[in-house]
Amino acid sequence: MIKAKLISVLLLLPFILIGCQNNNLNLSKDVSNIEVYKWNSEELVVTIDDKEFIDELVKELDNAKTGSTANMDFESPDFELHFKNENETLLEIGYYKKVMNLDVEGRYWDYSEDTMYNVELQLPID
């Protein structure tokens, strides 16, 4: 009887762990570059095409703890990021130069979803 319970628990454990993983981003394709614009401007500051950095950032955002900013009043981000695959924009989010505490601490804000990501990774820009 104890063996049957132990086996049942061991079989259920992987499903429970998989269910606990965050999958915040629903990107249909790989990100080839990130265009960085000044907030509320069409002024392109830089294009990031460092594949290692992009992969790390996408992984951190996808697995990050998030917090809702729906009922908050706060300052606008410094930059707007366009995650792109070739010429197709996959995701647009805001970026703060300094870490913000908006339910969670981070630099990345999805303004379309009112979601702050608990990611502090700095962009490689001046």
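What you see is a predicted model; the values in this text were computed from it and never measured.

Procedures and definitions
Residues numbered from 1 in each chain as written. Predicted model: local features only at pLDDT ≥ 70, side-chain atom pairs only at ≥ 80, totals over all residues. Heavy atoms only, no water. Phe/Tyr/Trp six-rings, centres within 6.5 Å; stacked < 30°, edge-to-face > 60°. Helix = DSSP H or I, 4+ residues; strand = E, 2+ residues; numbered from the N terminus. Buried < 20%, exposed > 50% of the residue type's maximum accessible area, 1.4 Å probe, protein only. Polar contact = N/O pair within 3.5 Å; in protein donor to acceptor, adjacent residues only side chain to side chain. Pairing = 2+ DSSP bridges. Salt bridge = Lys/Arg side-chain N within 4 Å of Asp/Glu carboxyl O. Patch = residues over 30% accessible without salt bridge, like charges linked within 9 Å, V, L, I, M, F, W, Y side chains within 5 Å. Areas by Shrake-Rupley, 256 points an atom, 1.4 Å probe, with all protein chains shown as cover. Lys, Arg positive; Asp, Glu negative; His and termini not counted. Charge placed at Lys NZ, Arg CZ, Asp CG, Glu CD. Contact = heavy atoms within 4.5 Å.

## Side note on the packing of aromatic side chains
Thinking step 1. Evaluated as defined, the whole model comprises six aromatic pairs.
Thinking step 2. Judged by centre distance (5.2 Å) and plane angle (55°), the ring pair of Tyr-95 and Tyr-108 falls under tilted. A residue pair is termed long-range when its members are at least 10 positions apart, and Tyr-95 in strand 5 (residues 88-102) and Tyr-108 in strand 6 (residues 104-110) qualify at 13 residues. Per residue, the accessibility class of Tyr-95 equals that of Tyr-108, and both read buried.

## Re the environment of Ser-41
Thinking step 1. The residue Ser-41 is located in the loop between strand 1 (33-38) and strand 2 (44-48) in this model.
Thinking step 2. Take Ser-41: its relative accessible area is 29%, and that puts it in the partly exposed class.
Thinking step 3. For the pair Ser-41 and Phe-79, spaced 38 residues apart in sequence, the C-alpha to C-alpha distance is 8.9 Å.
Thinking step 4. Within the local environment of Ser-41, its side chain forms a polar contact with the backbone nitrogen of Glu-43, the two atoms lying 2.9 Å apart.

## Looking at the pairing of strand 1
Thinking step 1. For strand 1, a buried count of five out of six residues is recorded, marking the element as mostly surrounded by other parts of the structure.
Thinking step 2. Judged from the six bridges that link them, strand 1 and strand 4 (residues 79-85) form a sheet pairing that is antiparallel. When the bridges of strand 4 are listed, Tyr-37 appears paired with Glu-80.
Thinking step 3. Relative to strand 2, strand 1 runs antiparallel, the two being bridged by four bridges. Note that in strand 2 the partner of Ile-34 across the bridge is Ile-48.
Thinking step 4. Counted along the chain from strand 1 to the antiparallel partner strand 2, the turn is five residues long, and its residue Asn-40 has a positive phi close to 55°.

## Looking at the pattern of salt bridges
Thinking step 1. Following the criterion strictly, the structure yields four salt bridges and no others.
Thinking step 2. Across the salt bridge formed by Lys-29 and Glu-88, the nearest N and O atoms sit 2.6 Å from each other. Taken together, the positions of Lys-29 in the loop between helix 1 (2-20) and strand 1 and Glu-88 in strand 5 put the pair 59 residues apart, joining distant regions of the chain.
Thinking step 3. Note that Glu-43 is salt-bridged to Lys-38, the shortest N-O span being 3.7 Å.
Thinking step 4. Relative accessible area serves as the criterion here: at 43%, Glu-43 is assigned to the partly exposed category.
Thinking step 5. What makes Lys-38 partly exposed here is its relative accessible area of 39%.

## Let's talk about a negative patch on the surface
Thinking step 1. On the surface, Asp-49, Asp-50, Glu-52, Glu-56 and Glu-60 cluster together to form a negatively charged patch.
Thinking step 2. Within the element layout of this structure, Glu-56 appears in helix 2 (residues 51-63).

## Observations concerning the environment of Asn-118
Thinking step 1. Summarising the element assignment, Asn-118 is placed in the segment after strand 7 (115-117).
Thinking step 2. The exposure class assigned to Asn-118 is partly exposed, which follows from its relative accessible area of 35%.
Thinking step 3. Sequence separation between Asn-118 and Met-100 is 18 residues, and the spatial gap between their C-alpha atoms is 9.4 Å.
Thinking step 4. Setting aside residues no more than four positions away along its own chain, Asn-118 makes contact with Ala-64, Lys-65, Val-104 and Glu-105.

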